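# What the coordinates show
Given next are the chains, with one letter for each unit.
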Amino acid sequence: MDRNVRTTDDVMTLMDGLFTPEADRWTEGGASWWDGFYADRSKAVPFFVEKPDESLDAAVRRGPIAPGRALDLGCGPGRNALHLASLGFDVDAVDLSPAAIDWARERAAEKPAGAGEVRFHRGDAFALTAPGAELAGPYDLINDSGCFHHLPPHRRISYLALLERCLAPGGHFVLTCFASGEGGMGSELPDAELYRTGGLHGGLAYSAEALRDIFAELTEIGLRRMNDEAPASPLFGESFLWAAHFRKASQG
């Protein structure tokens, strides 16, 4: 008989287990799925290209974000992390997948001297950013391109706690995630139905209203569909994704 739920972390772990193993994309157990996903680098996956998000590039080169300390969540092969480093940011980048981190480090090694360095970390972002942990912050910028929409509903609580403890006062949060509605992508099932089916159905779609509600403690700077970028463009952009930009209030 198991009667071992005593803490919020115990509740989160219990709820993680309500999903089938095949649905796991967010715990340490999900690393092997992502390794398989990244095994064939020649696949026609849009974000396998070595290009930064057009929305992130706009925010840091033509927008209000000045170079500082940055954290890239779910960095994959490192395209956004390496771009931030090239623009003068001090970057930590995290991914569950050893295969993704290996690919990112290979890309980093091919960069010319002076292009900036990134510290790549393999592991669970929630554990690596826990209070007192190596990546606890504070960060002037937290970027997420494709991590948030692979979290189950209860892990939004963990995610908001990560932003609260790791984002510096006045810091920026830039998010790319699946958009609901016409031309969007991802599951639009209600949260409760996800637990009944035991899966995330490839990732969760969000409406603009849902994102504004979830991140209501932050100030909205911008929220739009990403621009569709042509294959010849030096930037990545797909209109089935949201490009969201929020800012944490400054102290005082």
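Refer to the structure presented above.
Residues numbered from 1 in each chain as written. Predicted model: local features only at pLDDT ≥ 70, side-chain atom pairs only at ≥ 80, totals over all residues. Heavy atoms only, no water.

What follows deals with the overall build of the protein chain. Looking only at helices and strands, one finds nine helices and seven strands in the protein chain. Taken over the C-alpha trace, the protein chain has a radius of gyration of 18 Å; the compact-globule value for 252 residues is 18 Å, and the two agree within 12%. Seen through its principal axes, the protein chain has C-alpha atoms that stretch 60 × 50 × 35 Å. Across the 252 residues in the protein chain, those meeting the buried criterion constitute 50%. Put simply, 72% of the contacts in the protein chain that link residues at least 6 apart link residues at least 24 apart. Total accessible area on the protein chain is roughly 11900 Å²; 53% of this is exposed by carbon and sulfur atoms. (Helix = DSSP H or I, 4+ residues; strand = E, 2+ residues; numbered from the N terminus. Rg over C-alpha atoms; globule rule 2.2 N^0.38 Å. Buried < 20%, exposed > 50% of the residue type's maximum accessible area, 1.4 Å probe, protein only. Contact = heavy atoms within 4.5 Å. Areas by Shrake-Rupley, 256 points an atom, 1.4 Å probe, with all protein chains shown as cover.)

Under the defined criterion, the tally for this structure stands at 21 aromatic pairs. Here F47 and F48 contribute two aromatic rings whose centre-to-centre distance is 5.9 Å and whose plane-to-plane angle is 80°, an arrangement assigned as edge-to-face. A connected cluster of aromatic rings, assembled from ring pairs, spans W33, W34, F37, Y38, F47, F48 and W103. One residue, R79, lies across the ring of F236, its end atom 4.5 Å from the ring centre. (Phe/Tyr/Trp six-rings, centres within 6.5 Å; stacked < 30°, edge-to-face > 60°. Lys NZ or Arg CZ within 6 Å of the ring centre and 35° of its normal.)

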